[in-house]
Amino acid sequence: MEKRIKEFAKTIDMKDKSKGWQKGWQSKCRSLSLIRFADDFVVLHEDITVVQRCREIISEWLDDMGLKLKPSKTRLAHTLVQHEQEKPGFNFLGFNIRQFPQGKHQSGKNARGTILGFKTIITPSKERLKIRDKQIASIINDHKSAQQITLIGNLNPVIKGWSNYYSTVVSKKAYSRLDYLMYLKLKTWSKRRHPKKNGGWVSNKYWQTIGGNNWVFATRQNGTNPMRLRSHAATPIVRHVKVKGEASPYDGNLIYWSSRMGTHPEVATRVATLLKKQKGKCTHCGLFFRESDVLEIDHIIPKSKKGKDGYNNLQILHRHCHDVKTAEDGSVGCTYDKRQIIEEPDEVKVSRPVLKTSDTCENIA
């Protein structure tokens, strides 16, 4: 299906050959996008006639397999304005994608910095929020007679998974709304357990103040950490960064994927964590690491000067930057250790001694 759409994209605007059609075709081809996940897909393009033609092509392609597009699940809509009877925006994989008109100070910009006059906002869809609310209500109702610690143990994994799924989009308002609705259900749950007690007694029993946060649904455990209920709003919002080009976790680019994900099966956990923390940059020279660079872990405050061995005191540097930084530190006790072979790219693979200081730097190929 994607192949058929790409073939169609190459035919767009070919009639303007005398007016430089090739440049226009490349622009139109790039702007035609088909995003697919399992059997759900969406086609995006600035021209509605192109989208309509894509629908026809996909319908013809499905006919060969005896399949059809379901009318009730197929929409033709605009992301900014109302199209016929369809409201602006669309839902995809539980997200609502819509654009809103904005002034020049709040407007989004394209890759060339041109003001677009609108901003794209992606939020959890209303349908998914309703399903989510019912799911929480179902869990609480199923634990009417259970202890508080059991209820928290069943709610926390569900809250964590759902919140992480929507943590890359505009979700704070939805998170706060869900937390409020969950509080009302927990309030009803707690009052049902103690019908003869007043509201103040019930609140003091099930809600605590932890770390300056009031109304935390948590257990009372003297001498140990209480088990507390996670909140949706406590999940940090971190915007998704698109993967560069055709990059893949299996392409062998350890630097890129370790910096992006903070983990990689072929890279030590501490190295991958530091690469993500530094966003793939050397903290000494400020340049991005390349796959061919030789890297070393450095103690910001040398251990010879009572520096700690925790993440807050560790950084990854280029080998030459590490040498410069060590010289600037004036670390005492610098000695040459036994010779080691450092694996480097084939074109620069050499065997040479490694200068080790008292802060026990680690060498990374």
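Up top is the structure these notes are about.
Quick summary incoming for the structure in this document. Remember, it's a predicted structure, so these values are computed and weren't measured experimentally.

As for the overall build of the protein
For step 1, the next point in the chain: Along the backbone of the protein there are 10 helices and 14 strands.
For step 2, the next point in the chain: Looking at the protein as a whole, 32% of its 365 residues are labelled buried.
For step 3, the next point in the chain: Sequence separation of at least 24 residues holds for 49% of the intrachain contacts in the protein that already meet a minimum separation of 6.
For step 4, the next point in the chain: Accessible surface, the protein: about 24100 Å² in total, of which carbon and sulfur atoms supply 53%.

A few points about the nonpolar core
For step 1, the next point in the chain: If you look at the biggest cluster of nonpolar residues, it comprises 15 residues, and the most contacted ones within it are Ile140, Leu151, Leu155, Leu186, Phe217 and Leu229.
For step 2, the next point in the chain: When residues of this core are traced back to their parent elements, those giving at least two are α4 (126-142), α5 (148-165), α6 (172-193) and α7 (199-206).
For step 3, the next point in the chain: No other element matches α5, which puts four residues into this core.
For step 4, the next point in the chain: Excluding residues that lie within four positions of it along the chain, Leu151 makes contacts with Ile139, Ile140, His143, Leu186, Trp189 and Phe217.
For step 5, the next point in the chain: Val271, Leu274, Leu275 and Ile297 belong to the second largest nonpolar core, which has 14 residues in total.

Structural notes on the packing of α4 against α5
For step 1, the next point in the chain: Packing of α4 against α5 leaves a shortest axis separation of 10 Å and a crossing angle of 165°. One way to sum up the angle between α4 and α5 is to call them roughly antiparallel. Pair α4 / α5 crosses with right-handed handedness. Along its contact with α4, which presents Arg128, Leu129, Arg132, Gln135, Ile136, Ile139 and Ile140, the element α5 presents Leu151, Asn154, Leu155, Val158, Ile159 and Trp162.

Some thoughts on the sheet that holds strand β4 (residues 95-101)
For step 1, the next point in the chain: An order of β3-β4-β5 is seen for the three strands of this open sheet, with the pairing classed as antiparallel. The open sheet is flanked by β3 (90-92) and β5 (118-124), the only strands paired with a single partner. Each strand axis lies, on average, 30° off the axis of its neighbour in the sheet, ignoring direction.
For step 2, the next point in the chain: Sheet topology places β3 next to β4; three bridges connect them, and they run antiparallel. Its bridge partner lying in β4, Phe90 is registered against Ile97.

What about helix α1 (residues 2-9)?
For step 1, the next point in the chain: Among the residues of α1, those classed as buried are Ile5, Phe8 and Ala9. The buried residues of α1 occupy an angular sector of 105° when projected down its axis, which confines them to one face. Pointing more than 90 degrees away from the buried face of α1 are the exposed residues Lys3 and Lys6.

Here's the deal with the environment of Leu186
For step 1, the next point in the chain: Looking at the secondary structure, you find Leu186 in helix α6.
For step 2, the next point in the chain: For Leu186, a relative accessible area of 2% corresponds to the buried category.
For step 3, the next point in the chain: For the pair Leu186 and Asn141, spaced 45 residues apart in the sequence, the C-alpha separation amounts to 9.7 Å.
For step 4, the next point in the chain: Apart from residues no more than four positions distant in its own chain, Leu186 is found in contact with Ile140, Leu151, Leu155, Trp207, Phe217 and Leu229.

Looking at the pairing of strand β6 (residues 207-210)
For step 1, the next point in the chain: Both β6 and strand β7 (residues 213-217) contribute to a ladder of three bridges, which runs antiparallel. Across the sheet, residue Ile210 finds its bridge partner in β7, namely Asn213.
For step 2, the next point in the chain: Hairpin connection, β6 to β7: the antiparallel pair is bridged by two residues, and Gly211 has positive phi, about 60°.

Let's talk about α5
For step 1, the next point in the chain: The end-to-end C-alpha distance of α5 is 26 Å, a good match for the 26 Å that 18 residues give at a rise of 1.5 Å each.
For step 2, the next point in the chain: Restricting attention to buried positions, one finds in α5 the residues Gln148, Leu151, Ile152, Leu155, Asn156, Ile159, Trp162 and Ser163.
For step 3, the next point in the chain: Buried residues in α5 make contact with β5, α4, α6, α7 and β7.

Description of the pattern of salt bridges
For step 1, the next point in the chain: Per the stated rule, a full pass over the model turns up nine salt bridges.
For step 2, the next point in the chain: Taking the shortest distance from any N to any O, the salt bridge between Asp293 and Arg290 comes out at 3.5 Å.
For step 3, the next point in the chain: Residue Arg290 is classed as exposed on the basis of its relative accessible area, which comes to 55%.
For step 4, the next point in the chain: Two residues, Asp298 and Lys325, come together in a salt bridge whose shortest N-O distance is 2.9 Å. Of this pair, Asp298 sits in strand β8 (residues 295-299) while Lys325 sits in helix α10 (residues 319-329); the two residues are 27 residues apart in sequence, bridging distant segments of the chain. Residues Asp298 and Lys325 agree in their burial class; the two are buried.
For step 5, the next point in the chain: One network of salt bridges, with partners in common, ties together Arg53, Glu56 and Glu60.

Calculation criteria
Residues numbered from 1 in each chain as written. Predicted model: local features only at pLDDT ≥ 70, side-chain atom pairs only at ≥ 80, totals over all residues. Heavy atoms only, no water. Helix = DSSP H or I, 4+ residues; strand = E, 2+ residues; numbered from the N terminus. Buried < 20%, exposed > 50% of the residue type's maximum accessible area, 1.4 Å probe, protein only. Contact = heavy atoms within 4.5 Å. Areas by Shrake-Rupley, 256 points an atom, 1.4 Å probe, with all protein chains shown as cover. Core = buried A, V, L, I, M, F, W, Y, C linked by side-chain atoms within 4.5 Å. Axes fitted to C-alpha atoms, helices over the stretch in contact; angles between N-to-C directions. Parallel < 35°, antiparallel > 145°, perpendicular 65-115°, else oblique. Left-handed = near helix turned anticlockwise from the far one by under 90°. Pairing = 2+ DSSP bridges. Arc of directions from axis to C-beta. Expected span 1.5 Å × (residues − 1). Salt bridge = Lys/Arg side-chain N within 4 Å of Asp/Glu carboxyl O.

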